[in-house]
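Read off the chains here:
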Amino acid sequence: MISYSAASNLLGSYVDPVFGKVSGSFYAIPNLESLNNNLGTNPVADSIVLSLAYDGYYGDLNTTQSVSVYEMEENITQNTVYYSSQNFAYNNEALGSLIFTPNPHDSLTIGGVLEVPQLRIKLNNTLANRILNASSTTLGSDAAFNSFFKGIYLKAADITSSGRGAILYFSLQTIGSGITIYFHNSSASGLSLNLIFNSNSASVNHFDHDYTGTVVAQKLNNPSDTVYAQCMGGVKTFIDFPYLRNLVASGNVAINKAELLVYVSDNSNSLYPPPANMVLYYLDANGVEQSLPDYSVSTFQVPMTNGNLYDFVLDDFVQKVLTGNITSYGLHLVPALGIASANRVIIGGGKSPVNPMKLAITYTKL
């Protein structure tokens, strides 16, 4: 899954009773808030704090989590395709760590000012002093600074108990996120230098899944009437219609309406709600996901309705398959915005005894 500059950066760990262990970490490169940094004579760090503005969560907020921050040793560049399975080199001595219970709902008072809900992690002053004593050239451009300080990697310790833990969403390019160095110099105190995450900052989400001993692992090896789809580069549902072209065995037909009806099979666990929207792709001869002709860029996400149904209109797709204008090697059903959220869904398959997935077609013989 392509994982560059997602709308939210995901951090944390949880153990899903059906899907197993899920972990989210991310790499991010801060830039200088200002390129005119006159730090005065003999600047010395008082403290340095990484702040991350909350943007949502998925799972159990009552579980204590442990997060560590590391310094990257490998560059990430803008406009480069990176995937959620990729790893980048980092120094394994933590810049800072925090054990906390997530609280994405309550605002914080910082320096007498009420600020948005955020996670704040105190970092090592060694990094702060290194930045404060960098050359004017280093602090004079983002390119020079990014070469000097390649960025940070945030990783959470694994949660091991089923039904515990959460994936936390953070918005880096918003008020409440950044790195602040508090310092004094020979003539003044109470000074600060701000590093920010903006549109010129690169970030990459990294995801890990462990299906060992899970229901999903059993189903992967022995497919059944229940199927699964998951965000964060997890499992997806493969769908095929092997007898679809039998419709034109005795002559051409015109498709009046074609709907793929996908029903949520199990929506009983309130900690793990299904995705609000799902996306369907067809596969070409190389197994590459292609957009369906029935949906534009702005409408490719299909919302859940009636609390359990994703209704995909496939009139154009089915017609083009029947006329030979599209050769489909199956379909992939995946959650929308899977790079920036953690939802998963359990779906009734084609032979499910209750609300089976089905392709409903109305057509006219020509």
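The coordinates are above.
Because the structure is predicted, anything quoted here is derived from the model rather than measured. (Residues numbered from 1 in each chain as written. Predicted model: local features only at pLDDT ≥ 70, side-chain atom pairs only at ≥ 80, totals over all residues. Heavy atoms only, no water.)

## Concerning empty space enclosed by the protein
The test is simple: Using a 1 Å grid laid over the protein atoms alone, points where a 1.4 Å probe fits but cannot get out form a cavity; open sets with protein on both sides within 12 Å along at least 5 of 7 lines form a pocket; any residue with an atom within 4 Å of a point counts as lining. Grid points are joined across faces, edges and corners, and a volume is the space filled by probe spheres set on the points. A helix here means a DSSP run of H or I that spans at least four residues, while a strand means a run of E at least two residues long, and both kinds are numbered starting from the N terminus. Three residue categories are used. Nonpolar comprises Ala, Val, Leu, Ile, Met, Phe, Trp, Tyr, Cys and Pro, charged comprises Asp, Glu, Lys and Arg, and polar comprises the others, including Gly.
For the coordinates displayed, the defined rule picks out one cavity of 30 Å³ or more. The calculated volume of the largest cavity comes to roughly 40 Å³. Forming the walls of the largest cavity are G12, S23, G24, S25, Y153, K155, A156, D158 and D208. Elements represented by at least two residues in the lining of the largest cavity include exactly β2 (20–28) and β10 (152–156). Split by residue class, the lining of the largest cavity holds two nonpolar, four polar and three charged.

## Concerning unusual backbone geometry
We apply this condition: The buried label applies to any residue whose accessible area, calculated with a 1.4 Å probe on protein chains only, is under 20% of its type's maximum; exposed applies above 50%, and partly exposed to all values in between.
Its identity as a non-glycine residue notwithstanding, L337 has a phi of 55°, on the positive side. With respect to the helices, strands and loops of the structure, L337 is situated in the loop between β22 (331–335) and β23 (344–348). Even without a glycine there, the phi angle at N355 is positive, about 45°. As for its placement among the helices and strands, N355 is situated in the loop between β23 and β24 (358–365). The class for N355 is partly exposed, based on a relative accessible area of 35%.

## With respect to the nonpolar core
For clarity, the cut-off: To form a nonpolar core, buried Ala, Val, Leu, Ile, Met, Phe, Trp, Tyr and Cys residues must be joined to one another through side-chain atoms within 4.5 Å. The criterion used for residue contact is that any of the two residues' heavy atoms lie within 4.5 Å.
If you look at the biggest cluster of nonpolar residues, it comprises 39 residues, and the most contacted ones within it are L50, I152 and L154. When sequence neighbours within four positions are dropped, the list of residues in contact with L154 reads L11, S25, F26, L50, L52, V67, S68, V69 and I121. Within the second largest apolar cluster, 29 residues are counted, among which are V248, V253, Y282 and V302.

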